[in-house]
Amino acid sequence: MAEGDDEETFSSPLVFRLHESAPRVVQEVLLERGWKEYNEYYQDETEWNLHWRSSSFRASDHDKVKPWQRLNHHPSTSQMTKKDCLARHLKRMKGIYGASYYEFSPVSFILPNDYTKFVAEYTKERQEKKLSYWICKPVDLSRGRGIFIFHDIKDLRYDCTVIVQKYITNPLLISGYKFDLRIYVCVTSFCPLTVYVYQEGLVRFATEKFNLSSLDNVYVHLTNTSINKYSSSYATDKERIGSGCKWTLSQFRSYLRNLEVDDALLWQRIYNIVNMTLLAIAPSVPSSPNCFELFGFDILIDDTLKPWLLEVNYSPALSIDCSHDVIVKKSLIHDIIELLNFKTSDGINDSSTSKKVDKAVHSTQVPRPQTPWRCDNNVNSQRPLKTCHSLKSEHSRENQEQTFSQHANFKIPHVNLTDDYHHVDGDKETKDVENEGKEIFRRNHSGETSFLPLHEEGNKTSRDEHKIAGSFPRKTLTSRLRERMNMPERLTSFSKSHQTLNSKRTKVVTNSSFQIPHLKTIKRSFFPLYFISDLDKRPPARVGDFILVFPFNHSSLVASRNGTADIKSIIQEISKLTHRFSPNIKAA
């Protein structure tokens, strides 16, 4: 059999690991794609390919990531998604590179620290008789909680850190309803910076018509679905919009084109907002090649077709509330998986398979034709050892196999394969199956129950002489490959006969989901999460509905390879790109 055929035959499904707060749609999509979900009882800590969680990972998680693994968060990206941190970063970039480049962000003040500055600006506009409105947002809350709009400073009240921004009073309206855009952005690398924007997204509507005379009505001014789904107008058939409070971006594009609006400049400006915002934090994000990040950029468009950045969302909501969510979010997850560029060799097909089988087999009873033995620190003093599933009676091999099949469908006690050797205590009652399964009996040096390992590199001859039944060294990917290359021939033969003996048990435990593969060397190496062209070493322009927005030309590609150190030249290239589009914008 050819080597390629052999790899294909014994390749295992990719494994995903989800935190309890991870979106359900992620699980559904991965299962549809043939992935398997990580099981902490049967698999080792490193036997997964994708770990997805809503909150950030610990620094140790990033340090321990393996070449075949992906984390769905880069380190230190919350500095952009907290409202106050984002405002500080954008204000700093305005001071360094000029306000004209970062005019897409409304004037902002962080209170209470900037209270004096806010009062000065508020007083100045009052003296100039400008009719200004302000919006107040708690910096640590999401889904529209705690947000209110005010015109008079006497209505400003807060008991936590808040951000006060100039309220945009001229939003683009559709049939009188305010809306904003949820733009999905996937950053596959911060060094070099590599940014993809999803071409499909969501348009989120307020459910009552826009009116500045009713500042207290959240259904007029806020577009959050978590708020508007409780509106009495949510289910009604609203003019042009329909029922609910969402469109897809495809519907919005169609709406603009029906009005003969040239939206090319609009989308280029939105891409510029994404890139300029990410450039503000890119130099401070540590390099982490096996990470990616999905952001939700909230963009408001005014009646001159100018886009404004409202905020950037960390772990944007992927819940399914309507048919538009199904259309957008399921395809979004599918295309993210394509973007991550997993390979067949990334399947956990050595360590996970063998450990899962060994855990289930050894948890029921020792898979040997003879009775296991207890060793009391003396190889010559041996007495029979009953396993915890022997049911206090002797069984023939046939009865043992029947007992095994009866217990294979529930969680069974077993030691955690984090030690070099493991064993079971035949005198312990199985009162709490799940808790027992997590215990580790380490008594090799205490004179109590222990098994001698079958073989060990440091002392192969003495270990082989005993061949105590039921003793197995820890099976890791490294140790299995080492065994393949260095194991004595007689031990290799024994391993094959042992595998044949337990083939029937293996099928019962795994429900025929996979077979034990032959041990073979698997070459793994680090590689970028995105595809790389062999010709110009650039990431692809498009993967699914994701389009590459950075790097966007040769100059930005060179700058990104230098760690985005020359941000000024990148910003200048962005400005040149924007000026290529016609400045004439026809309003809707």
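*Asks:* Can you help me understand the overall build of the chain in this one?
*Replies:* In terms of helices and strands, the chain carries 20 helices and 19 strands. Taken over 588 residues, the chain has a buried fraction of 51%. The contacts in the chain between residues at least 6 apart in sequence include a share of 67% that link residues at least 24 apart. For the chain, the accessible area works out to roughly 28000 Å², and carbon and sulfur atoms hold 48% of it.

*Asks:* Can you walk me through the packing of aromatic side chains in this structure?
*Replies:* What characterises a pair of aromatic rings is the spacing of the ring centres plus the angle enclosed by the ring planes. Summed over all chains, the structure comprises 16 aromatic pairs. Centroid distance Tyr102 to Phe104: 5.5 Å. Interplanar angle 45°. Geometry classified as tilted. Pair check on accessibility: Tyr102 and Phe104 agree, each one buried. Positioned above the aromatic ring of Trp267, the side-chain terminus of Arg253 is 4.4 Å from the ring centre.

*Asks:* What am I meant to see in the pattern of salt bridges here?
*Replies:* Any two side chains of opposite charge can pair, given that their charged atoms come close. For the structure on display, the rule yields 18 salt bridges. A salt bridge links Asp61 to Arg58, with the nearest nitrogen and oxygen atoms 3.3 Å apart. What you see here is one network of salt bridges that share partners, running through Asp180, Arg182, Arg204 and Asp298.

*Asks:* It is not clear to me how the side chain of Arg17 should be interpreted in this structure. Could you clarify?
*Replies:* With respect to the helices and strands, the residue Arg17 is situated in strand β1 (residues 15-18). Excluding residues within four positions of it along the chain, Arg17 makes contact with Tyr38, Glu45, Trp48, Leu50, His51 and Trp52.

*Asks:* I would appreciate a short explanation of the state of the cysteines in the present structure.
*Replies:* Covalent bonding between the sulfur atoms of two cysteines is what defines a disulfide. For the structure on display, the rule yields zero disulfides. As a non-bridged cysteine, Cys245 has Cys322 as the owner of its nearest cysteine sulfur, 7.0 Å distant. Accessibility expressed as a relative area gives 2% for Cys245, which makes it buried.

*Asks:* Mind showing me how you'd approach the side chain of Gln79 here?
*Replies:* Inspection of the secondary structure puts Gln79 in helix α4 (residues 78-81). Judged by its relative accessible area of 17%, Gln79 is buried. Engagement of the side chain of Gln79 in a polar contact is seen with the side chain of Ser284, the distance being 3.2 Å. Once residues lying within four places of it in the same chain are set aside, the contact partners of Gln79 are Cys85, Leu86, His89, Ile281, Ser284 and Val285.

*Asks:* I'm lost on the environment of Ser345 in this one. Help?
*Replies:* Among the secondary structure elements, Ser345 is positioned in the loop between α11 (323-339) and α12 (351-364). In this structure the C-alpha to C-alpha distance between Ser345 and Leu14, which are 331 residues apart in sequence, comes to 9.5 Å.

*Asks:* Would you take a moment to explain the sheet that holds strand β3 (residues 50-52) for this structure?
*Replies:* Hydrogen bonds between backbone groups are what pair the strands of a sheet, and the pairing can be parallel or antiparallel. Taken together, the four strands give an open sheet; going across it, the order is β2-β1-β3-β4, and neighbouring strands pair in parallel fashion. Each edge of the sheet is formed by a strand with only one pairing partner; in this case those strands are β2 (36-37) and β4 (70-71). As judged from the three bridges shared by β1 and β3, these two strands associate in the parallel manner. Bridging across to β3, Leu18 finds its partner in Trp52. Sheet strands in contact with helix α2 (residues 24-32) are β1, β2 and β3, and its direction is about 170° off that of β1.

*Asks:* Before we go on, may I ask you to explain the sheet that holds strand β7 (residues 148-150) in this structure?
*Replies:* Taken together, the four strands give an open sheet; going across it, the order is β5-β8-β6-β7, and neighbouring strands pair in antiparallel fashion. Strand pairing shows two members of the sheet lacking a second neighbour, β5 (108-111) and β7, which therefore form its edges. Here the strands of the sheet are splayed against their neighbours by 25° on average, with no regard to which way each runs. Of the pairings in the sheet, the one linking strand β6 (residues 134-138) to strand β8 (residues 162-166) comprises five bridges and is antiparallel in character. Counted as the bridge partner of Ile135 is Gln165 from β8. Across the sheet, helix α5 (residues 83-97) is in contact with β5, β6 and β8; its angle to β5 comes to roughly 130°. Relative to β5, helix α6 (residues 115-127) is tilted by about 135°, and along the sheet it contacts β5, β6, β7 and β8.

*Asks:* Please explain the pairing of strand β14 (residues 293-301) as it appears in this structure.
*Replies:* Within a regular strand, the side chains alternate between the two sheet faces. Judged by how many residues are buried, β14 sits mostly within the fold: nine of nine residues are covered. Inspection of the sheet shows strand β10 (residues 177-190) paired to β14 by seven bridges, in the antiparallel sense. Considered in β14, the bridge of Val185 is made with Phe295. Pairing of β14 with strand β15 (residues 307-314) involves seven bridges; the strand directions are antiparallel. Residue pairing for β15: Leu300 is matched across the bridge by Trp308. What sits between β14 and β15 in their antiparallel hairpin is a turn of five residues, with Leu305 showing a positive phi close to 65°.

*Asks:* It is not clear to me how the nonpolar core should be interpreted in this structure. Could you clarify?
*Replies:* Note that soluble globular proteins tend to have their nonpolar side chains buried in a common cluster. Core analysis: the biggest nonpolar cluster contains 56 residues, and Leu181, Ile183, Val185, Phe252 and Leu278 have the highest contact counts within it. If you tally residues by element for this core, the top one is helix α10 (residues 264-279), at nine residues. With residues near it in sequence (within four places) discarded, Leu181 still touches Leu202, Val203, Leu249, Phe252, Trp267, Ile270, Phe297, Asp298, Ile299 and Ile301. Ranked by size, the runner-up nonpolar core spans 29 residues in total, among them Val29, Leu50, Leu294 and Val328.

*Asks:* Whenever I open this one, the confidence of the model for the chain confuses me. Can you help?
*Replies:* Mean pLDDT over the chain stands at 73; residues scoring 70 or higher make up 64%. Here residues 1-10 is modelled with pLDDT under 50, and outside its nearest four sequence neighbours on either side it reaches nine contacts, counting other chains as well. This model gives residues 350-535 a pLDDT under 50, and the stretch forms 314 contacts once residues within four places in sequence are excluded.

Calculation rules
Residues numbered from 1 in each chain as written. Predicted model: local features only at pLDDT ≥ 70, side-chain atom pairs only at ≥ 80, totals over all residues. Heavy atoms only, no water. Helix = DSSP H or I, 4+ residues; strand = E, 2+ residues; numbered from the N terminus. Buried < 20%, exposed > 50% of the residue type's maximum accessible area, 1.4 Å probe, protein only. Contact = heavy atoms within 4.5 Å. Areas by Shrake-Rupley, 256 points an atom, 1.4 Å probe, with all protein chains shown as cover. Phe/Tyr/Trp six-rings, centres within 6.5 Å; stacked < 30°, edge-to-face > 60°. Lys NZ or Arg CZ within 6 Å of the ring centre and 35° of its normal. Salt bridge = Lys/Arg side-chain N within 4 Å of Asp/Glu carboxyl O. Disulfide = S-S within 2.5 Å. Polar contact = N/O pair within 3.5 Å; in protein donor to acceptor, adjacent residues only side chain to side chain. Pairing = 2+ DSSP bridges. Axes fitted to C-alpha atoms, helices over the stretch in contact; angles between N-to-C directions. Core = buried A, V, L, I, M, F, W, Y, C linked by side-chain atoms within 4.5 Å. pLDDT = per-residue confidence, 0-100.

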